[in-house]
Structures are given as structure tokens and as C-alpha cells.
Amino acid sequence: MAAQTEESDCAREQTKAEQDVDQVRKRAARDQQRLDSGAVSSPKDLENLQREITSLAKRQGDLEDVVLEVMERRESAQARVAELDERVAAVQAKLDDATARRDAAFGELDGESGSVTKERQVVSASVPADLLKLYEKLREQQGGVGAARLYQRRCEGCQLELNITEVNEVRAAAPDTVVRCENCRRILVRTSESGL
Ligand SMILES: [Zn+2]
């Protein structure tokens, strides 16, 4: 935006400088016409007219230099605008691409979340209410994981291995008893690979 503002400022300056040149040129042409017409006869007036024409020519030259200088500045401002426009376009393309990928990922996550939620509903409907309540409480306390697999005598919730006393207790518990990890208090899920 700053580059665009500079460019339009230069454009305005250029127009103004060109108008100045034009004004001086017209006045000089008028003077020249009067001189050529022979309407001015007094030597003093003629001399004044000549002097004014000379000074107007110098003034025109100076003003034309100003126009050139402004044009140069305007050109470099235009180049800067073009370069920045290109960069903006490149960044915008990257942003569009990232947005599209993000939206696609959101879509996938929504789909996955929907099917996982359905699965969970089916599973939780088959779990006794008091066990489900305990599980939900633990889940809240333990960062979203209320139950963990007991795998090769290790609680997969806290990754600690059960000591021999704990193993013996779990081993002695009836299959439908809810056993808990002594360390993290999560519900331990026994399988054939629990190492009991
Ligand atoms: Zn544990």
C-alpha cells in the first residue's frame, strides 16, 4: 500500500509538473507570436519581451528536468509495486493452498469424530452404569484415558510394571472384578497378553 501511495503521489506530481511546463510553453509561444506580429514597436518593450522569452525558455528547461526526475521516481515506484504485487500473489497462493488442506483435514476429522462417537455410544451402552461412571471419573482425572491395557505386566496407561504382589492380586481377582493400577489408578484391562 505504501508503494502504491508513493506511485500515485508521483503520478500526481508528474501531472502538476507537466502542467507547469505547458503553462510556460504557452506563455512563451504567446510572447513569440507578439514579437513576430510586429505589434510591439517600442525598443524597450521589445527588449522586455525578448528577455521574458529567454527567461521562459530557461524556466521551461528547469521544469522539464523536474518532470524527468519525477518520471524516474515514478518508474521505480511502479517497479516496486509490481514486485510487491507478485509477492502478495505468491503468499496468497500459499495461504489458499494451506486453507484448502486445513479444510480437507477438518472434513476428515469431522467424519472420523462422527464414526468414533457412534462406536463409543454402542460400546458404552453395553457397560454397567457404575463402571461407566468410574471410568468417566478416571478419564477426567487422567488426561482423557480412564482405562489401560495390562500388557506383559505393564500398565499401558502409566507405563509402570506391576510388582509381584500386584500381579498376584490381579491374578487372584475374578474375571469380572474391576482391577486398577496401583500407580495411576486407571482401570486395567486384562487380556491373554497381560503376562498373568
Ligand atoms: Zn498405571
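Sequence order as written defines the numbering, with residues in each chain counted from 1. Restriction of local features to residues with pLDDT of at least 70 applies here, the model being predicted, together with a cutoff of 80 or more for giving and counting side-chain atom pairs; totals for whole chains, interfaces and linings are based on all residues. Based on all heavy atoms of the structure, the side-chain values leave hydrogens and waters out of the count.

## Concerning the sheet that holds strand β1 (residues 147–151)
Reading across the sheet, the four strands line up as β2-β1-β4-β3 and stay open at both edges, with mixed pairing between neighbours. Edge strands, defined here as strands with exactly one partner in the open sheet, are β2 (154–155) and β3 (179–180). With two bridges connecting them, β1 and β2 associate as antiparallel partners. Following the sheet pairing, Y151 is matched in β2 by R154. Strand pairing is assigned whenever DSSP identifies at least 2 bridges connecting the two strands. Helix and strand assignments follow DSSP, with helices taken as H or I runs no shorter than four residues and strands as E runs no shorter than two, numbered in order from the N terminus.

## Points about the coordination of the zinc ion
Donors, by definition, are the N, O and S atoms found within 2.8 Å of a metal, the threshold being 3.2 Å for Na, K and Ca, and water is not counted, so a site can look incomplete. The protein atoms that coordinate the zinc ion are C155 (SG), C158 (SG), C181 (SG) and C184 (SG), at distances spanning 2.3 Å. Under the scheme applied here, a residue whose accessible area is under 20% of the maximum for its type counts as buried, over 50% as exposed, and between as partly exposed, the area being computed with a 1.4 Å probe on protein chains only. Given a relative accessible area of 2%, C181 falls into the buried group.

## Concerning the domain arrangement of the protein
Quoted interface sizes are often the accessible area lost when the parts come together. Domain parsing of the protein yields domain 1 (2–106) and domain 2 (129–194). Taken over C-alpha atoms, the centre of domain 1 sits 82 Å from the centre of domain 2. For the purposes of this description, domain bounds are those given by an automatic or database domain assignment.

## Structural notes on the side chain of Q14
Mapped onto the elements of the fold, Q14 is located in helix α1 (residues 2–37). Any pair of residues with heavy atoms lying within 4.5 Å of one another is described as a contacting pair. In this structure, Q14 is in contact with V70, M71 and R74, ignoring residues within four places of it in sequence.

## Thoughts on the pattern of salt bridges
The salt bridge definition used is simple: a Lys or Arg side-chain nitrogen within 4 Å of an Asp or Glu carboxyl oxygen. Scanning the entire structure with this criterion turns up 19 salt bridges. For D22, the salt bridge goes to R25, with nearest N and O atoms at 3.2 Å. In this pair, D22 and R25 both sit in helix α1, three residues apart, roughly one turn of the helix. Here E136 makes a salt bridge to R139, at a shortest N to O gap of 3.3 Å. Here E136 and its partner R139 are both found in helix α3 (residues 129–141), three residues apart, which amounts to about one turn of the helix. Given the relative accessible area of 29%, R139 is considered partly exposed.

## What to know about unusual backbone geometry
Positive phi, normally seen in glycine, also occurs at Q152, with a value near 50°. Residue Q152 is classed as exposed on the basis of its relative accessible area of 52%. In this structure, R185 takes a positive phi of about 75° despite not being glycine. With respect to the helices and strands, the residue R185 is situated in the loop between β3 and β4 (187–189).

## Concerning the packing of α1 against helix α2 (residues 43–125)
Note on geometry: axes are lines fitted to C-alpha atoms, helical ones only across the stretch in contact, with angles between N-to-C directions running from 0 to 180 degrees. Across the interface, α1 lies against α2 with an axial gap of 8 Å and an inter-helix angle of 160°. With respect to α2, the axis of α1 lies roughly antiparallel. Judged by the twist between their axes, the crossing of α1 over α2 is left-handed. The scheme is simple: roughly parallel for angles under 35 degrees, roughly antiparallel for over 145, roughly perpendicular for 65 to 115, oblique for anything else. In this scheme, a crossing is called left-handed if the near helix is turned counterclockwise away from the far one by less than a right angle; it is called right-handed if the turn is clockwise.

## Structural notes on the layout of surface pockets
In the cavity and pocket records, a cavity denotes points on a 1 Å grid over the protein atoms alone where a 1.4 Å probe fits but cannot get out, a pocket denotes an open set with protein on both sides within 12 Å along at least 5 of 7 lines, and lining residues are residues with an atom within 4 Å of a point. Grid points are joined across faces, edges and corners, and a volume is the space filled by probe spheres set on the points. Its boundaries defined by the atoms lining it, the largest pocket holds a volume of some 440 Å³. V127, L131, A147, I187 and V189 are, among the 18 residues lining the largest pocket, the residues nearest its centre. Of all elements in the fold, only α2, α3 and β4 reach the threshold of two or more residues within the lining of the largest pocket. It is α2 that provides the largest number of residues to the lining of the largest pocket, a total of four residues.

## So, the nonpolar core
Buried Ala, Val, Leu, Ile, Met, Phe, Trp, Tyr and Cys residues form a nonpolar core when they are joined through side-chain atoms within 4.5 Å. In this structure, A148, L150, C155, L162, V167, V170, A173, V179, C181, C184 and L188 together form the largest nonpolar core, which totals eleven residues. Listing elements by their share of this core, those giving two or more residues are β1 and α4 (164–172). Sequence-distant contacts of A148, that is, excluding residues within four places in its chain, are made with C155, E156, G157, R186, I187, L188 and V189. A17, V24, L63 and V67 belong to the second-largest nonpolar core, a separate cluster that totals seven residues.

## Considering α1
One turn of an α-helix holds 3.6 residues; hence residues three or four places apart share an orientation. If you check α1, its first and last C-alpha atoms are 52 Å apart, about what 36 residues at 1.5 Å a residue would give, namely 52 Å. Along α1, the residues that are buried comprise A3, E7, C10, A11, Q14, A17, V21, V24, A28, D31 and L35. Residues of α1 that are buried sit in contact with α2. Looking one or two residues beyond α1, the residue adopting positive phi is G38, at roughly 80°. A helix is expected to span 1.5 Å multiplied by its residue count minus one.

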